[in-house]
Amino acid sequence: MLCFICPLCREPLIENSHGLACSRRHQFDRAREGYFHLLPVHHKNSRQPGDAKLQLQARRQFLNANFFSPLVGALKHHLPASTQHLLDIGCGEGYFTRHLASALDASAQVYGIDIAKDGVRLAAKGRREFYAVASSYALPIADHSMDVITRIYAPSKDSELARLLKKDGRLIIVTPGPNHLLRLRQQLYQDIRPHPEPQAPEGFILQETQQLRFELITPAGSLTEALLQMTPFAWRLTESLAEMAATGWQDQAEFRISLYRRV
Ligand SMILES: C[S@@+](CC[C@H](N)C(=O)[O-])C[C@H]1O[C@@H](n2cnc3c(N)ncnc32)[C@H](O)[C@@H]1O
Ligand SMILES: [Zn+2]
């Protein structure tokens, strides 16, 4: 039994040979790559919501080169061994989702949800996790069904987090640390403000935080270009991007991992 619910009537969705269906016969076909499209048209605010294709591809290329493997290691360490249901909100092209899944029992169900179809399509191909196109503001997932929710650099709604997590479940939020890509930001802005401290979502209390910092050295060429391309300030770099990519880049990565439990 899967934890997906119908985005139209909220009834459980049951798997069939074509995809998923609820008791009111709302049917959602399985895409060729294996994901489900569970975003009702009226929840789509733009024609191509979520990250742009170029940014997605840059993210996939950079992440697959494992520059952020210390973050993967730290996240795996925070997964309770008994985790049977995990949801990754804003999973993008699925790098963290699939690495987290690899740390769990084969019987565990891992869900990845993102509003950007291009990302979900890349994530789902050939994988055993369950992926869906949906909004993190109205998630098509059953109440209190998740042992762990991860949210890595993505938005969501507090009430949805509280609705989905089991009573003793764990919420893991990753945000940039104050010194994340400091050298790059120093180059771009006269006055750099540290990333703000994350606030506990309503209905949650902070259990633990971990600040993780490591050196990031990318070689000249496409990997440096991918790093620069996937940052939110890529658009400011248009002229210097090629120059920086030609020499490579040295900076620091810093993440804040916040672990919360329900009040
Ligand atoms: C910076 S990316 C991070 C992706 C992934 N967690 C990772 O670290 O590789 C942010 C992601 O949030 C997604 N996103 C933005 N708004 C969303 C929403 N309302 N619902 C679901 N996903 C959303 C974007 O499409 C994008 O894939
Ligand atoms: Zn339905």
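These numbers come from a predicted model, not from an experiment.

About the criteria used
Residues numbered from 1 in each chain as written. Chains lettered and ligands numbered in written order. Predicted model: local features only at pLDDT ≥ 70, side-chain atom pairs only at ≥ 80, totals over all residues. Heavy atoms only, no water. Donors = N, O, S within 2.8 Å, 3.2 Å for Na, K, Ca; no water. Tetrahedral: all angles 85-135°; square planar, octahedral: opposite > 155°, others 65-115°. Buried < 20%, exposed > 50% of the residue type's maximum accessible area, 1.4 Å probe, protein only. Phe/Tyr/Trp six-rings, centres within 6.5 Å; stacked < 30°, edge-to-face > 60°. Helix = DSSP H or I, 4+ residues; strand = E, 2+ residues; numbered from the N terminus. Contact = heavy atoms within 4.5 Å. Polar contact = N/O pair within 3.5 Å; in protein donor to acceptor, adjacent residues only side chain to side chain.

Surrounding the zinc ion (ligand 2) are the protein donor atoms C6 (SG), C9 (SG), C22 (SG) and H26 (ND1), at 2.1 to 2.3 Å. If you look at the zinc ion (ligand 2), its four donor atoms make angles of 100 to 118° with each other, and the shape they trace is tetrahedral. Motif for the zinc ion (ligand 2), donor spacing along one chain: C-x2-C-x12-C-x3-H. Owing to a relative accessible area of 7%, C22 belongs among the buried residues under this scheme.

Before going further, it helps to examine the packing of aromatic side chains. What the rule picks out here adds up to ten aromatic pairs. Note on Y153 and F255: the rings are 6.1 Å apart at their centroids and 65° apart in plane angle, and the pair reads as edge-to-face. Here F255 lies in strand β11 (residues 249-262) and Y153 lies in the loop between β8 (146-152) and α5 (158-164), a separation of 102 residues in the sequence. Residue Y153 is classed as partly exposed on the basis of its relative accessible area, which comes to 37%.

The next thing to look at is the environment of E129. Mapped onto the elements, E129 comes out in the loop between α4 (117-124) and β7 (130-133). Once the C-alpha coordinates of E129 and G34 are considered, the two residues, 95 residues apart in sequence, prove to be 9.4 Å apart. Contacts of E129, omitting those with residues within four sequence positions, involve R98, A101 and V110. Here R127 takes part through its side chain, which lies 2.9 Å from a polar atom of the side chain of E129. A polar contact of 2.8 Å, which involves the side chain of E129, links it to the side chain of Y131.

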